[in-house]
Amino acid sequence: MSAVRVALRVARRGAWHSRGRSALIMVMIGLPVLVITTLLTLTETMTVTPREGVVAELGAADARLTQAPGGTVLRQEPDGGAGWSTGDGEAAAPGQGAAEVAALLGPGTRLVPFNGGVLQLGTERVEALETDLRDPLTRGTLTLREGRFPAAREAAVTPALGLRPGDLLRPSGAAPLTVVGVVEHPHRPSLRKVVGPDLPLAPDEAWSPRGYGTGWLADTAKPVAWAEVPALNRAGLYVLSRTMIMNSPRLPARDPASDVQYTVGLGAMLVMVALVTVLLAGPAFAVGLRRRRRELAEIAAQGGSAGQLRTIVLADGLVLGGAATLLATALGIAAGTLGAPVAARWGGQAGPPQVPWPPVLGVAALGLLTGLVAALVPAVQAARQNTATVLADRAPAVTDRRGWPLLGAALILAGLGATVVARRQPGSVWVLACAVPILLGLVALTPWLVRRTGRPAARLPLPLRVAVRDAVRHRSRTASAVAAVMAVTATVVAMGIGTHSQYIDRRDAYTSARPAGMLAIWAGTVDAATWKRLRAEAARRLPGVPLASGYTARNAENRRYALRYTVRWNGIRTRRTAAIGDQALLTLLQGRHDPRAAAALASGRAVVFDAAALRDGRLTLRAGSASGPPRTLRVPAILAVPADEHQGGALLPRALVERAGFTTTESQLYAMHRPPAGSTLWRDLHKVTPRVTVASEEGYRNTPDPGLWGWLAGALVLVVGGTLAATRLAAADTRPERATMAAIGAPPGTLRMVVAGQALYISGLGALVGLAAGAVTGVALSRPMTTHGAGDPATIAVPWPFVAAVVVGLPVLATLAALVTRTPPPLTRRLP
């Protein structure tokens, strides 16, 4: 029998004999594999590709055509029909009828009409589709779960609406509809939708080729290929065909620079995951080695070589790592596959079960490798142990490798130097990669730190003194646990500082040309009569709300011009359009009456709210037009204080614009008014002209950063869980000491204090060292995450409550958890 087979049998027998320790090691190794495999499978299953969703999109039809509104320009790109745009150019033809569309698609075409929109149910607006689900062409778009498909004056609903067959839908301003069926989208179980052949749809805010609009499902004699799409676009039809989806071109190759950053980032992440896992599982292997050292010494006394001893201990890592990886991979695939439909019911979509085998197998290989690496240090120690010392039941002398502190210091210095260079690179991935050598250096330096911190233990109370001295005596076990807590704390603190700095930078980068609460109504190119009707309708719909006028500049050829300037706001180049108005608009923009600004506006000077835009008392404007030559204007201006902190912009008096050679016409209305929920203002104004735009400035909403809570939850699991695991191992390893304390009269509370002291020492030392490393990386990380070009200073913001919760709160929590854990006095056999 080969030595490897013997080692595997010994490892299997030892794992079964120490089932608690084996289960702990398997959890440490398998948990990252389980989490990553679950996320990979869940993401792959919840990603519905166009080919997987073709039936839900088209049913049994060959193509779906959506009629674009008049004046829309369609420019679909040859990328599988996913692209569309509107803009200047050749406008689409007016609305086509079914006969014209069938003629465009060729003889033998059969069409089934549909109309997508919304249904107004009291104060609620629900997505709705007007079509006949009984037609075979619609088969597969929605699956019947209960009842039957609707006929005239009937409707089917999705399960998310909570209705059953026999219930009534009461649309606003229309007769009730009877619910006769419950249907479900193949990939979107959370969808709230009503379907029927004759629904009283309400006018909606926008047209979307895959959401709102009229169109047809087409059964054609020949496939609708991409070559036919431009002609259909010119006819005002957005096209989605089965042939286009199934034969969509491949995506363009990725940028090599992004490939390098992706590879570096993935490598850094894998190293961090493996490092934390090895550090968490390492103490368990070390304790297992000490429990089996007599067995290994007996093998050595009978002629076993150092290599065979290493093989036996490495076999532990192979057996436990392999079992943990196999079980975690299977559970991760099952959790991802079964969790996708559940997650989709809360929002999103889910397709057929998909397992991304290459990354899943890569993660499994990483888990197996992690088990071997975690057992590597104990294997080396097993090969070097003194057989006579172990057989004589004497504790082996603990020695430190002299070169490890120097190696650790060198890695730390190299990582710090690389971080200084990486923080000026455009991507944050380089800073994260440079954090790896810093953490590796701290891991190598941790035994030296543990030994140094043991010197002041004589001044501590008895339980803490015993805990610290035991930790220093078993540095191989303690250093691994401390390094694991350090790595987790450093990662969480660094990401916390980086994400919070990015959050604060985005908050400071918020800007608007209007104060919060201002309602703006714009009209495009409309004639004077239409604008007069629009203004009257706005005044009627907003009774008692003062309206301030805004104006548009036009040249002698009646071409519309926009007067713009560029300013840097929080390091970002921001392009603003200067408003044209009078004293009423100035009062709204400032939120008060400012005599100085009002006097300047009356004298023909611009009022500017961006200090950086002024040069020598003048504002430089670029007058641009879609069909005319641009002009540059330098106008006199003063600086004023706006209504809101994050507000910028400028207001030009009409006289100033007219002196520059333009004419001004009223085309905007402004008011300090917040439309209530469910307001129909836009739809009411849209009836006057479809070119109207209504915008309400909501202002900056200071919501808490959700990313910090995710990092805190991850740190809670790893720091507290890892500390408790290491503490339990230490408690098992210190049975003789605790038995001696119990024999001389130590109460159970003192024994619990010893265990809690070990938890406090491990988590506290790891958290403090991790704070220093994480702060350096976090400050460096904040620069690429918050800068937007040369000359833009970095935003550095430390989330102090979050840092305190990680560095102070988690060690205290781990200590309290260890303190309340039941620790019975150990029973040991003593010689009479």
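For every chain, the first residue of its written sequence is number 1, and the numbers climb from 1 along that sequence. Per-residue local features of the predicted model are confined to residues with pLDDT of at least 70, and side-chain atom pairs are confined, for both listing and counting, to 80 or more; whole-chain, interface and lining totals are unaffected and use all residues. Values reported for side chains reflect all heavy atoms of the structure, with hydrogen atoms and water molecules removed beforehand.

In this section: the overall build of the protein chain. Assigned secondary structure in the protein chain consists of 24 helices and 22 strands. Throughout, a residue-residue contact means that at least one pair of heavy atoms, one from each residue, lies within 4.5 Å. By sequence separation, contacts in the protein chain at least 24 residues apart represent 80% of the contacts at least 6 residues apart. Method for areas: the Shrake-Rupley scheme with a 1.4 Å probe, in which residue coverage is limited to the protein chains shown. Total accessible area on the protein chain stands at roughly 40,000 Å², and carbon and sulfur atoms take up 61% of it. Elements are defined by DSSP. Helices are runs of H or I of four residues or more, strands are runs of E of two residues or more, and each kind is numbered from the N terminus.

Surface patches are defined over residues having more than 30% relative accessible area and no salt bridge, joining like charges when they lie within 9 Å and nonpolar side chains (Val, Leu, Ile, Met, Phe, Trp, Tyr) when within 5 Å. Each salt bridge in this description consists of a side-chain nitrogen of Lys or Arg and a carboxyl oxygen of Asp or Glu lying within 4 Å of one another. A cluster of nonpolar side chains, namely V27, L31, V35, L39, L716, V717, L718 and L813, defines an oily patch on the protein surface of about 630 Å² accessible area. Secondary structure elements with two or more residues in the nonpolar patch: α2 (19-46) and α21 (706-733). Considering every element that reaches the nonpolar patch, the biggest residue donor is α2, with four residues.

When you line up the elements, Q76 lands in the loop between β1 (63-67) and α4 (98-105). The rule is simple: take the accessible area with a 1.4 Å probe, protein chains only, and divide by the maximum for that residue type; under 20% is buried, over 50% is exposed, in between is partly exposed. Residue classification places Q76 among the buried residues on the basis of a relative accessible area of 6%. Whenever two N or O atoms come within 3.5 Å, that pair is a polar contact, provided that in protein one can donate a hydrogen and the other can accept it, and provided that, for residues adjacent in sequence, both atoms are side-chain atoms. Here the side chain of Q76 touches N233 through a polar contact of 2.8 Å, side chain to side chain. At 2.9 Å, the side chain of Q76 forms a polar contact with the backbone oxygen of V239.

All chains considered together, the criterion is met by 17 salt bridges. One salt bridge connects D610 with R576, and the closest N-O pair in it is separated by 2.7 Å. With D610 in the loop between β16 (606-608) and β17 (614-615) and R576 in strand β14 (residues 572-577), this pair connects stretches of sequence that are 34 residues apart. Taken individually, D610 and R576 each receive the classification buried, so the pair is uniform in this respect.

Bringing unusual backbone geometry into the picture now. Backbone geometry at N558 places phi at a positive 65 degrees, although glycine is not the residue there. One can find N558 in the loop between β12 (548-554) and β13 (560-569). Look at N558 and you get exposed, because its relative accessible area is 52%.

This paragraph deals with the pairing of strand β19 (residues 631-639). We treat two strands as partners when DSSP finds at least two bridges between them. Inspection of the sheet shows β16 paired to β19 by three bridges, in the parallel sense. Bridging from a neighbouring strand, V608 pairs with L639 of β19. As paired strands, strand β18 (residues 618-624) and β19 are joined by six bridges and run antiparallel to one another. Looking across to β19, one finds that R618 is bridged to P636. Taking the residues between adjacent antiparallel strands as the criterion, β18 and β19 are bridged by six residues.

Viewed as axis vectors pointing N to C, helix α15 (residues 475-509) and helix α23 (residues 748-786) meet at an angle of 30 degrees, and their least axial separation amounts to 5 Å. Taken together, the axes of α15 and α23 are roughly parallel relative to one another. When you trace α15 past α23, the crossing you get is right-handed. Gly is put with the polar residues, along with every residue not named as nonpolar or charged; the nonpolar set is Ala, Val, Leu, Ile, Met, Phe, Trp, Tyr, Cys and Pro, and the charged set is Asp, Glu, Lys and Arg. Among the residues making up the contact of α15 with α23, the classes are represented as 20 nonpolar, 14 polar and one charged. For every element, the axis is a line fit to its C-alpha atoms; helices are fit only across the contacting stretch, and the angle between N-to-C directions ranges from 0 to 180 degrees. Every angle not falling under 35 degrees, over 145, or within 65 to 115 is termed oblique; those three ranges are roughly parallel, roughly antiparallel and roughly perpendicular. It is the rotation of the near helix from the far one that decides the hand of a crossing: anticlockwise by less than a right angle makes it left-handed, clockwise makes it right-handed.

For the pair α2 and helix α8 (residues 306-344), the least separation of the axes is 6 Å and the interaxial angle reads 35 degrees. Note that α2 runs across α8; the crossing there is right-handed. For the contact of α2 with α8, the residue count by class is 17 nonpolar, 13 polar and no charged.

Moving on to the nonpolar core. Within the largest apolar cluster, 56 residues are counted, with the highest numbers of intra-cluster contacts made by F285, L439, L442, M486 and Y761. Counting residues per element, this core draws most heavily on α15, which supplies twelve residues. Leave out the neighbours within four places in its chain, and L442 touches I412, M486, V769 and A773. Throughout this description, the term nonpolar core refers to a set of buried Ala, Val, Leu, Ile, Met, Phe, Trp, Tyr and Cys residues connected via side-chain atoms within 4.5 Å. If you look at the next biggest cluster of nonpolar residues, it comprises 23 residues, including Y551, L614, A637 and V657.

With respect to the helices and strands, the residue R752 is situated in helix α23. Looking at R752, the relative accessible area reads 31%, which means it is partly exposed.

Below, the discussion takes up the packing of aromatic side chains. To pair, rings of Phe, Tyr and Trp, with the six-membered ring standing in for Trp, must have centres within 6.5 Å; the planes then decide the type, stacked if under 30 degrees apart, edge-to-face if over 60, and tilted in the middle. In this structure the tally under the stated criterion is one aromatic pair. For the pair Y561 and F662, a centre-to-centre distance of 5.4 Å together with 55 degrees between the ring planes defines the contact as tilted. Linking Y561 in strand β13 with F662 in the loop between α19 (654-659) and β21 (663-672), this pair joins segments that are 101 residues apart in sequence. A residue is classified by how much of its surface remains accessible, and Y561, at 6% relative accessible area, is buried. By definition, being over a ring means that NZ of Lys or CZ of Arg is both within 6 Å of the ring centre and within 35 degrees of the ring normal. The ring centre of Y551 lies 4.2 Å from the NZ or CZ of R654, which sits over that ring.

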